[in-house]
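Structural description and commentary
What follows is the residue order along each chain.
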Number of protein chains: 2
Amino acid sequence: MEETHQPFNGKIGIIGTGALGGYYGARLSQAGFNVHFLMRSDYDVVRKRGLQIQSIDGDFVIHPPVHNSAQSMGVCDLLIIALKTTDNGALPGLLAFTTDDKSVVLTLQNGLGNEDALARILAGRSIEETDPTAQSLPTAPRVMGGPAFLCSTRVAPGVIHHTEYGFIRLAEFAGSPTERTHAVAAMFESAGVPCEVLERLDEARWGKLIWNVPFNGLGVAASPGADSAVILADPVLSRAARQLMDEVISAAKADGVELNQSAAEQSMARTRTMGAYKSSMQVDYELGRPVEVEAILGEPVRRARRAGIAVPAMELLYGMVRRADQMARDK
Amino acid sequence: MEETHQPFNGKIGIIGTGALGGYYGARLSQAGFNVHFLMRSDYDVVRKRGLQIQSIDGDFVIHPPVHNSAQSMGVCDLLIIALKTTDNGALPGLLAFTTDDKSVVLTLQNGLGNEDALARILAGRSIEETDPTAQSLPTAPRVMGGPAFLCSTRVAPGVIHHTEYGFIRLAEFAGSPTERTHAVAAMFESAGVPCEVLERLDEARWGKLIWNVPFNGLGVAASPGADSAVILADPVLSRAARQLMDEVISAAKADGVELNQSAAEQSMARTRTMGAYKSSMQVDYELGRPVEVEAILGEPVRRARRAGIAVPAMELLYGMVRRADQMARDK
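In this convention, every chain numbers its residues from 1, walking through the sequence in written order. For this description, chains carry letters from A and ligands carry numbers from 1, given in the order in which they are written. Side-chain atom pairs in this predicted model are given and counted only at pLDDT of 80 or more, local residue features only at pLDDT of at least 70, and totals for whole chains, interfaces and linings cover all residues.

Topic: unusual backbone geometry
Residues and elements named next belong to chain A. Following Ser223, the chain continues to Pro224 via a peptide bond in cis, the omega torsion being 5°. Note on conventions: DSSP H or I runs of at least 4 residues are helices, E runs of at least 2 residues are strands, and numbering of each starts at the N terminus. Tracing the chain through its elements places Pro224 in the loop between α7 (201-221) and α8 (228-233). Of note, the phi angle at Tyr165 is positive, near 55°, even though the residue is not glycine. By the secondary structure assignment, Tyr165 is in strand β10 (residues 159-172).

Encoded structure:
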């Protein structure tokens, strides 16, 4: 698709080698790119046995350079962020050792606000700052976003099971695609990862939330067992999910993004074909892990508030998931 | 307040002798009215030891006629319905033995739709029928509604603890107040139960939902422990509660009831003075009892749907409480 562009080349660092970062990093490594992995709990296992990918497209093992500290990994030309957004608090410390003035940072994370946070960190500003002028930070052009579409699970230390999808949409955080955007896309494509270059990042981010807000949110708030099939089979929850999608579309519009009005109906229709699918938030919640409530619900709600529009169902869902997550943490 | 009217007199039957029906019935009985109580689990205890009221206004015991079947109670002139709305399915059987063509039926129950159900039962029609023409049923004029404001708890068989309030607002289901409305109000007043006659029942019913929808709903959906203080202390849930109130006001308007726009802010302000108050739904849910989800959430949502207006947060809350209740039942 991007054959006319030279693939990006340089030292690549994967921050967050879970089901997401592990899969995409392994593909790049397998294709011969110079990929370094930052690992915590899986470090010893991967050093000994390599990183194993059990994929619908064929299994493989790689033996890449792995690191158990950001210092050891050192400065990278391209840093791929695949941490859970609930761990974003660790980013300033990690980026201090792995980026210099020229490093490019691409986040494959879920939800809204991650690129803003990265731009603030690179500019040496507080990550929590709710500064809508983040896009004008001098470092914003070094940040890219890549909404990832992947079904994968870390089934054991150093073992990732890839069950479906596996593509990326790629855009610059500040401005239109450049030669660099196409080079990074070509890099993914040459590693067997379909990668579409987008004109606008926020369109893709908001577009993904049409599904993520209702089905991730209800996966926690209507727990236990509220997978996509359970929600669709419940006439009230299914209607509520559909109305949440309308609110996402309204909030996106207030944030400057015109999504197609038919996207909600299409998303409901597609969900009907998915069977009993557990959202990532539901999986995390059921396993007692922190859920990505701020990236998927909190930030969209805050943007709607800032734009002065009411999103009462999103607000309610955000409040309930936030409380459920807090209660689980307090246990 | 209604001194110029002769109190209603005749045989009074209390259907549902819990914290609500037990308290008001005991007041009437204590004042000398001819009150019969239908009881299930408390029948033996009350027959032996009477019905005990431990009240902020002074304790008392009554030894009224009690019945363990509707047949035994027989036809009443005024039937006061204080069943939990989750038991409304029992009403057709109960009313068959306790009403004749002249009996008046007053419901003190929570939420919307109970008067409609009673009118349909008296007309020999199905209780589930969602027939918006219920008001034109020939029996509708025999139905009255009385939103009750009472804090009381059944603390043991035959023992009711009355901690606060204790008044009733009274209105005809069909039409304006009549001589009979005032007579029933005078009856309550003469028994020490403040009773205000209202021009319109639906105004009072919807008005009560301004508080009941958010705080009863969240008491279950944001469980455990989501009392009024917890909700108010949570900035997101508190905002969601306020927005739910706005949706109730919109739904009421679409249902033909103009509530004061300031009622939501007033209700929030009053709640701030209440301390950590547990809604009846929260109490029921925590004790593993069915919750009054249809009367408090389901019927308001259905009326909004019928009127063609979107109430996305109410719809979501309804869906979650309904599912939580079903899951608790299935255990």
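From this point on, the discussion continues.
Re the nonpolar core
Note on terminology: a nonpolar core is any set of buried Ala, Val, Leu, Ile, Met, Phe, Trp, Tyr and Cys residues joined through C-beta atoms within 7 Å. Buried, partly exposed and exposed are defined by the number of other C-beta atoms within 10 Å of a residue's own C-beta, namely 20 or more, between the two limits, and 12 or fewer respectively, with C-beta atoms placed from the backbone. In terms of nonpolar packing, the biggest core is built from 84 residues, with Met314 and Leu317 of chain A together with Met314 and Leu317 of chain B touching the most fellow members. Any pair of residues counts as being in contact when their C-beta atoms, constructed from backbone geometry, are within 7 Å of one another. Residues contacting Met314 of chain B, with those up to four places away along its chain left out, are Val213, Leu244, Glu247, Ala251, Leu297, Pro300, Val301 and Ala304 of chain B.

A short note on the interface of chain B and chain A
Across the contact, 21 residues belong to chain B and 21 residues belong to chain A. Of all elements in the fold, only α9 (235-254) and α13 (312-330) of chain B reach the threshold of two or more residues within the side of chain B that touches chain A. With 10 residues, the top contributor of residues to the side of chain B that touches chain A is α13 of chain B. Of the residues that constitute the side of chain B that touches chain A, the class distribution is 13 nonpolar, two polar and six charged. Lys, Arg, Asp and Glu make up the charged group, whereas Ala, Val, Leu, Ile, Met, Phe, Trp, Tyr, Cys and Pro make up the nonpolar group; the residues left over, Gly among them, are polar.

Topic: the relation of the copies chain B and chain A
For these two chain copies, the linking operation is a rotation about an axis paired with a shift along it. All copies are superposed by least squares; the fitting set is the C-alpha atoms of residues with a pLDDT of at least 70 in both. If you rotate chain B by 180° and push it 0.0 Å along the axis, it lands on chain A with an RMSD of 0.0 Å. What the superposition gives is, in effect, a two-fold axis relating one chain to the other. No C-alpha of chain B approaches the rotation axis more nearly than that of Ala313 of chain B, which lies at 2.0 Å. The residues that chain B uses at the interface reappear at the interface of chain A in 100% of cases, marking a shared surface.

Here's the deal with the packing of helix α4 (residues 91-98) of chain A against helix α5 (residues 114-122) of chain A
All names here are of chain A. Where α4 meets α5, the axes come as close as 10 Å, and the angle between the chain directions of the two elements is 55°. Between α4 and α5, the angle falls in the class oblique. α4 and α5 meet at a crossing whose hand is right-handed. In this structure, α4 uses Leu91, Pro92 and Leu95 to contact α5, whose residues at the interface are Ala117, Ile121 and Leu122. Taken together, the residues of the contact of α4 with α5 sort by class into six nonpolar, no polar and no charged. Interaxial angle, 0 to 180 degrees, is taken between N-to-C directions of lines fitted to C-alpha atoms, where a helix line uses only the stretch in contact. Note on terminology: angles under 35 degrees are roughly parallel, angles over 145 are roughly antiparallel, angles of 65 to 115 are roughly perpendicular, and the others are oblique. A crossing counts as left-handed when the near helix is turned anticlockwise from the far one by less than a right angle, and as right-handed when that turn is clockwise.

Details of the domain arrangement of chain A
All names here are of chain A. Start and end positions for the domains come from either an automated domain assignment or a database one. Split into domains, chain A comes out as domain 1 (11-199) and domain 2 (203-330). A separation of 24 Å is found between the C-alpha centroids of domain 1 and domain 2. Listed as interface residues are 16 residues of domain 1 and, on the opposing side, 15 residues of domain 2. Partitioning the side of domain 1 that touches domain 2 into residue classes produces five nonpolar, nine polar and two charged.

Looking at the packing of α7 of chain A against helix α10 (residues 263-272) of chain A
Two numbers describe a pair of packed helices, the interaxial angle and the distance between the axes. Residue and element names in this part refer to chain A. Remark: α7 packs on α10, axes separated minimally by 10 Å, with the N-to-C direction vectors making an angle of 55°. It follows from the interaxial angle that α7 and α10 lie oblique. Where α7 crosses over α10, the two elements pack in a sense that is right-handed. Residue-level inspection shows Gly207, Ile210, Trp211 and Phe215 of α7 in contact with α10, the latter providing Ala263, Ala264, Ser267 and Thr271. For the contact of α7 with α10, the residue count by class is five nonpolar, three polar and no charged.

A short note on the environment of Thr86 of chain A
Residues and elements named next belong to chain A. The topology assignment puts Thr86 in the loop between β6 (78-81) and α4. Linking Thr86 and Pro290, residues 204 residues apart in sequence, is a C-alpha distance of 6.7 Å. With sequence-adjacent residues up to four places away left out, Thr86 is seen in contact with Pro290 and Glu292.

A few points about the environment of Asp100 of chain B
Residue and element names in this part refer to chain B. Checked against the element boundaries, Asp100 lands in the loop between α4 (91-98) and β7 (104-107). For Asp100, a count of 10 C-beta atoms within 10 Å puts it in the exposed group. C-alpha separation for the pair Asp100 and Cys76, spaced 24 residues apart in sequence, amounts to 7.9 Å.

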